[in-house]
Amino acid sequence: MTWLRRLVGGLRRRAAEARAWARRTILWRVWERMLENEFLDRGVALAAKAFVSLFPALLVIVAFMPTASQQSVLDTLAARTGLHGESLDSVRSAFATTSDIRRATGVLGLVLTFFYVNSFTTALRRVYVKAWRRPAAGGVRSYALGASWLTGVAAYFALLAGARGLLDAVPAAFGVVAWAAAVGLWWVTPWVMLERQIRLRALLPSGLITGTALAVYAVTARVWMTHAVESNQLQFGSFGVTMSLVTFLSGAGLIIVASACSGPVLALDESRLGRLLRGPAGDVVAPGAAPSLPPPAHPSRVADALGMEE
């Protein structure tokens, strides 16, 4: 049985070497950062708050846009989520009542909308704060962050509306513009959410990964979301459309959290890319900002990703 013990010992050594090699890779460090950030729990929470606070707020903002821009938002929503048929008609009916929304909302209601969306932006800010291990912040500034971010999202949709009109005959060109706009939005988003305490150049990988991953996710959603909407709508009616949208948003939330966690890992890496992202200053933290928090004392577990406590 000596040969068997040698075989088992050799396999154990190779497994230990493989485990040690994996722990040195970028992907493993991103995974550890995702566990530390409780990515499943935060991704689903982000999706839920997007559905109950971000969508209604966007509906109010869109009501004050020109009609052409409203149609662009609807087209973008349909393309990204796979809505069609009766489900698309129900969303279109909401846009058809924008004049009523404007009359009911008024200027004061429009201002209050920025406070309403604070539920989503607070959850989004926590994702980036924990991913970059920044000291917690809040108070009145959180409402200003929510207002500025929602304004940026409205500008993003307005840009898509203009680009769609100019490049309607060249779908490939519009696709490039839409991708660049998404990357720009998700490059600036963490910079705003982190109150400009992290250098903008260090956030570029996060913007590239988030914008690209969400674009690919939207393309794939045209296939599987169509089937999901049809199946759920047939079985549950209008509530099935809601279930499909929440499913779509949950996937998008997980992408945002995972991409947010990859940003600091790449920026703090000792590779040439990491040094380039840190720049001449050699640090990701902006001048005058408080230093980042230390890593957790104990390694994160899969239970942490689920938000479970012992």
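Only a predicted model underlies this, so the values are computations on that prediction, with no experimental measurement involved.

Reading guide: rules and limits
- Residues numbered from 1 in each chain as written.
- Predicted model: local features only at pLDDT ≥ 70, side-chain atom pairs only at ≥ 80, totals over all residues.
- Heavy atoms only, no water.
- Phe/Tyr/Trp six-rings, centres within 6.5 Å; stacked < 30°, edge-to-face > 60°.
- Helix = DSSP H or I, 4+ residues; strand = E, 2+ residues; numbered from the N terminus.
- Buried < 20%, exposed > 50% of the residue type's maximum accessible area, 1.4 Å probe, protein only.
- Contact = heavy atoms within 4.5 Å.
- Salt bridge = Lys/Arg side-chain N within 4 Å of Asp/Glu carboxyl O.
- Core = buried A, V, L, I, M, F, W, Y, C linked by side-chain atoms within 4.5 Å.
- Axes fitted to C-alpha atoms, helices over the stretch in contact; angles between N-to-C directions.
- Parallel < 35°, antiparallel > 145°, perpendicular 65-115°, else oblique.
- Nonpolar A, V, L, I, M, F, W, Y, C, P; charged D, E, K, R; others polar.
- Polar contact = N/O pair within 3.5 Å; in protein donor to acceptor, adjacent residues only side chain to side chain.

(A) Up close: the packing of aromatic side chains. Counted by the stated rule, this structure contains 3 aromatic pairs. Between Y217 and F248, the aromatic rings sit 5.1 Å apart at their centres with planes inclined by 25°, giving stacked as the arrangement. Of this pair, Y217 sits in helix α10 (residues 204-236) while F248 sits in helix α11 (residues 238-267), and the two are 31 residues apart along the sequence. As far as burial versus exposure is concerned, Y217 and F248 are alike and both buried.

(B) Broad picture of unusual backbone geometry. One non-glycine residue with positive phi stands out, namely E38, at about 50°. Structurally, E38 can be placed in the loop between α2 (26-36) and α3 (39-63). Classification of E38 as partly exposed rests on a relative accessible area of 22%. The residue R196 is not glycine, and still its phi comes out positive at about 60°. With respect to the helices and strands, R196 occurs in the loop between α9 (171-193) and α10. R196 gets classed as exposed once you look at its relative accessible area, which sits at 57%.

(C) Broad picture of the environment of P190. Along the chain, P190 turns up in helix α9. Judged by relative accessible area, P190 falls into the buried class, the value being 0%. Distance in space between the C-alpha atoms of P190 and G207 is 8.4 Å, their sequence separation being 17 residues. If near-sequence neighbours (up to four positions away) are discounted, P190 is found in contact with Y128, L203 and S206.

(D) Local environment of the pattern of salt bridges. Counted by the stated rule, this structure contains 4 salt bridges. Where K130 meets E38, a salt bridge forms, and the shortest distance between an N and an O atom there is 3.8 Å. Of this pair, K130 sits in helix α7 (residues 118-131) while E38 sits in the loop between α2 and α3; the two residues are 92 residues apart in sequence, bridging distant segments of the chain. K130 sits in the partly exposed class, given a relative accessible area of 26%. Here E270 makes a salt bridge to R278, at a shortest N to O gap of 3.9 Å.

(E) Representation of the nonpolar core. Grouped together as the largest cluster of nonpolar side chains are 54 residues, with contacts concentrated most on L124, Y128, W132, W149, W186 and I198. Ranked by the residues each element gives to this core, the list is headed by α11, at 10 residues. Not counting residues up to four positions away in its chain, the partners in contact with Y128 are W186, T189, P190, M193, L194, S206, I256 and A260.

(F) Quick peek at the packing of α7 against α9. Taken N-terminus to C-terminus, the directions of α7 and α9 make an angle of 90°; their axes are 9 Å apart at the nearest point. Between α7 and α9, the angle falls in the class roughly perpendicular. Two secondary-structure elements touch here, α7 through T121, L124, R125 and Y128 and α9 through W186, T189, P190 and M193. A class-by-class count of the residues in the contact of α7 with α9 yields 5 nonpolar, 2 polar and 1 charged.

(G) Representation of the side chain of T189 in the model. Its place among the elements puts T189 in helix α9. Among the polar contacts made by the side chain of T189, one reaches the side chain of W149 at a distance of 3.0 Å. One polar contact links the side chain of T189 to the main-chain carbonyl oxygen of L185, over a distance of 2.6 Å. Apart from residues no more than four positions distant in its own chain, T189 is found in contact with L124, Y128 and W149.

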